[in-house]
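Descriptive analysis of the structure
Below, each chain spelled out in residue letters.
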Amino acid sequence: MTDQLLIGAYALGAGGVVGLAGLIALRLLHRRSIALHIAVLLGCTVAAVVAGVVTVATAMFLSAHDLQVVLMTVAAAALVSLAGGVLAGRRLAAAAMWTAQARERERHLEAGRRELVAWVSHDLRTPLAGLRAMAEALEDDIVSDPATVADYHRRIRIETDRMSRLVDDLFELSRINAGALRLTLARVALADVVSEALAAAAPLAAARRIRLVAAEQGWPTVLASEPELARVVTNLLVNSVRYTPADGTVHVEAGAGGDGAWLAVSDTCGGIPESDLPRVFDVAFRGQRARSPEPSGTGGGLGLAIVRGLVEAHGGQVEVGNIGAGCRFTVRLPQPGR
């Protein structure tokens with residue numbers, strides 16, 4: 001019994017020393033990754049077992065041959081345990097990181113949904129209140145002169161169009177988020193798409209005294225779905241026009257590089273605060289109140305969120321940065337054969 005207690009004390013002492021070193025190491029590494037924590041914990045566990053076996057074997061005064069056999073056996077077991085533990089630990093660490101990222105992404109999406117509901121509720125409540133007031137005035141014959149009646153009819157049509165655009169944006173965004181967007185990719189001449197988008201944005205630009213300028217050459221052919229690509233370009237142009245002060249300029253250009261084609265829309269909006277740049281493409285984000293567009297916009301702050309969703313659905317990327325007196329939106333798209 002005394003020998004057994006002595007052997008247990010030796011094993012406990014050796015293992016305790018290794019375990020204490022492991023605890024100190026884990027405390028020093030508390031800010032490091034979970035994978036490193038698992039590796040240190042696994043290494044300490046195996047090292048504690050090895051230290052206990054080696055200490056007991058040495059204390060038993062085994063022959064050199066027997067001690068060598070014990071050490072080889074322990075080393076082989078330790079290597080197998082470490083290899084299996086590292087593989088399992090990496091999978092556990094990856095699963096834990098994926099779970100944390102998924103949870104953070106879900107919180108971000110939920111915050112975006114709440115913000116979207118708030119913005120849409122605001123953007124719908126205002127025109128609906130106006131429509132109801134004008135409809136009641138017409139119904140109760142409060143206004144009767146032809147000029148006022150015609151003006152009410154015109155304003156009702158404008159507000160109806162605005163709500164229709166908002167509903168269209170919501171539907172498009174829901175298709176993107178639900179993964180229900182199906183693209184029919186083909187060779188598309190970017191110059192034709194930009195030309196039509198410029199024509200569509202021209203009335204708004206003229207009303208705000210904004211000059212629309214397009215590069216004369218350098219327009220590539222891209223692999224895209226033409227309706228969705230047209231919406232991307234139109235949304236970028238309308239966004240730049242709405243945020244650019246009167247007598248400003250919106251410039252459109254394109255080109256091709258080693259990794260595909262690119263399209264850039266630059267304006268003279270005065271720039272975007274650096275703190276807002278990472279959130280420009282978030283749902284319902286509109287930036288500072290001083291930069292908020294006029295009420296005649298599409299509403300809801302969905303235009304750039306739709307741009308990002310459509311561009312990523314094409315396998316491309318969109319980014320924004322400040323340049324000079326304004327900002328620059330750059331879309332990168334694949335080209336045929338690349």
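What follows covers helix 5 (residues 190–207). Given 3.6 residues per turn, any residue in an α-helix points the same way as the ones three and four places further on. Taking 1.5 Å of rise per residue, the 18 residues of helix 5 would be expected to cover 26 Å, and the 26 Å separating its terminal C-alpha atoms lies within 8% of that figure. For helix 5, every residue scored as buried is listed here: Leu-190, Val-193, Val-194, Ala-197, Leu-198, Ala-201 and Ala-205. In this structure, the buried residues of helix 5 make contact with strand 1 (186–189), strand 2 (211–214), helix 6 (226–243), strand 4 (249–257) and strand 5 (260–266).

Evaluation of the coordinates by the stated rule reveals eleven salt bridges. Here Arg-132 makes a salt bridge to Glu-136, at a shortest N to O gap of 3.1 Å. Of this pair, Arg-132 and Glu-136 are both found in helix 3 (residues 64–139), four residues apart, which corresponds to roughly one turn of the helix. One salt bridge connects Arg-154 with Asp-151, and the closest N-O pair in it is separated by 2.9 Å. Separated by three residues within a single helix, Arg-154 and Asp-151 lie in helix 4 (residues 146–177), roughly one turn from each other. If you follow the salt bridges from partner to partner, you end up with Asp-151, Arg-154 and Arg-155 in one network.

Note that soluble globular proteins tend to have their nonpolar side chains buried in a common cluster. In terms of nonpolar packing, the biggest core is built from 48 residues, with Leu-229, Leu-236, Leu-237, Leu-263, Val-320, Phe-329 and Val-331 touching the most fellow members. Here Val-331 is in contact with Val-232, Leu-236, Ala-261, Trp-262, Leu-263, Val-311, Gln-317 and Val-318, once residues within four sequence places are set aside. Counting residues in hydrophobic clusters, the runner-up holds six residues, among them Leu-131, Met-134, Ala-137 and Val-143.

Position of Asn-235 among the secondary structure elements: in helix 6. One polar contact links the side chain of Asn-235 to the main-chain carbonyl oxygen of Gly-303, over a distance of 3.2 Å. What Asn-235 contacts, discounting residues up to four positions off in sequence, is Gly-303, Ile-306 and Val-307.

Right, let's get into the packing of aromatic side chains. One pass over the structure, following the stated rule, counts one aromatic pair. Centroid distance Phe-281 to Phe-329: 6.0 Å. Interplanar angle 85 degrees. Geometry classified as edge-to-face. One end of the pair, Phe-281, is in the loop between strand 5 and helix 7 (303–313); the other, Phe-329, is in strand 7 (residues 326–333), with 48 residues separating them in the sequence. Each member of the pair, Phe-281 together with Phe-329, is buried.

With that out of the way, let us pick up the packing of helix 4 against helix 7. Running from amino to carboxyl end, helix 4 crosses helix 7 at an angle of 35 degrees, the nearest separation of the two axes being 10 Å. In this structure, helix 4 meets helix 7 at a crossing whose hand is left-handed. Contacts from Asp-169, Glu-172, Leu-173 and Ile-176 of helix 4 reach helix 7 at Ala-305, Ile-306, Gly-309 and Leu-310. The residue makeup of the contact of helix 4 with helix 7, split by class, is five nonpolar, one polar and two charged.

Here we come to the pairing of strand 7. Where burial is concerned, most of strand 7 is hidden: six out of the eight residues are buried. Bridge count between strand 6 (residues 317–323) and strand 7: seven bridges; the pairing is antiparallel. When the sheet's bridge partners are listed, Gln-317 is paired in strand 7 with Arg-332. The turn linking strand 6 back onto strand 7 is made up of two residues, and Gly-324 within it adopts a positive phi angle of 55 degrees.

One can find Ser-266 in strand 5. On the accessibility criterion, Ser-266 (9% relative accessible area) is buried. When sequence neighbours within four positions are dropped, the list of residues in contact with Ser-266 reads Thr-249, Val-250, His-251, Ile-323, Cys-327 and Arg-328.

Next up on the list: a nonpolar patch on the surface. Together, Leu-20, Ile-24 and Leu-28 make up a nonpolar patch on the protein surface, roughly 330 Å² of accessible area in all. With respect to the helices, strands and loops of the structure, Leu-28 is situated in helix 1 (residues 2–28). On the basis of relative accessible area, Leu-28 is assigned to the exposed category, the value being 67%.

Procedures and definitions
Note on numbering: residues in each chain are counted from 1, in written sequence order. Local features are withheld for residues below a pLDDT of 70 in this predicted model, meaning they are given only at 70 or higher, and side-chain atom pairs are given and counted only at 80 or more; totals for whole chains, interfaces and linings count all residues. The basis for the side-chain values is all heavy atoms of the structure; hydrogens and waters are excluded. Put simply, DSSP marks the helices as runs of H or I at least four residues long and the strands as runs of E at least two long, and each gets a number from the N terminus on. Expected helix span is computed as 1.5 Å times (number of residues minus one). Burial classes follow relative accessibility: with a 1.4 Å probe on protein chains only, a residue under 20% of its type's maximum area counts as buried, one over 50% as exposed, and anything between as partly exposed. We call two residues contacting when some pair of their heavy atoms lies within 4.5 Å. Definition used for salt bridges: Asp or Glu carboxyl oxygen within 4 Å of a side-chain nitrogen of Lys or Arg. As used in this record, nonpolar core signifies buried Ala, Val, Leu, Ile, Met, Phe, Trp, Tyr and Cys residues forming a set joined through side-chain atoms within 4.5 Å. Here a polar contact is taken to be a pair of N or O atoms separated by no more than 3.5 Å, where protein atoms must pair a possible hydrogen donor with a possible acceptor and residues adjacent in sequence count only if both atoms sit in side chains. Note on aromatic contacts: the rings of Phe and Tyr and the six-membered ring of Trp form a pair at centre separations within 6.5 Å, being stacked when their planes are under 30 degrees apart, edge-to-face when over 60 apart, and tilted otherwise. With axes taken as lines fitted to C-alpha atoms, and helix axes fitted only over the stretch in contact, angles between N-to-C directions fall between 0 and 180 degrees. Each crossing is labelled by how the near helix is turned from the far one, with a counterclockwise turn of less than a right angle marking it left-handed and a clockwise turn marking it right-handed. Polar here means any residue other than Ala, Val, Leu, Ile, Met, Phe, Trp, Tyr, Cys and Pro, which are nonpolar, and Asp, Glu, Lys and Arg, which are charged; Gly is therefore polar. Two strands are counted as paired when DSSP detects at least two bridges linking them. Residues enter patches when their relative accessible area tops 30% and they take part in no salt bridge; the joining distance is 9 Å for like charges and 5 Å for the nonpolar side chains Val, Leu, Ile, Met, Phe, Trp and Tyr. Values of accessible area rely on a 1.4 Å probe in the Shrake-Rupley scheme; residue burial ignores everything except the protein chains shown.

None of this, on its own, says anything about what the molecule does.
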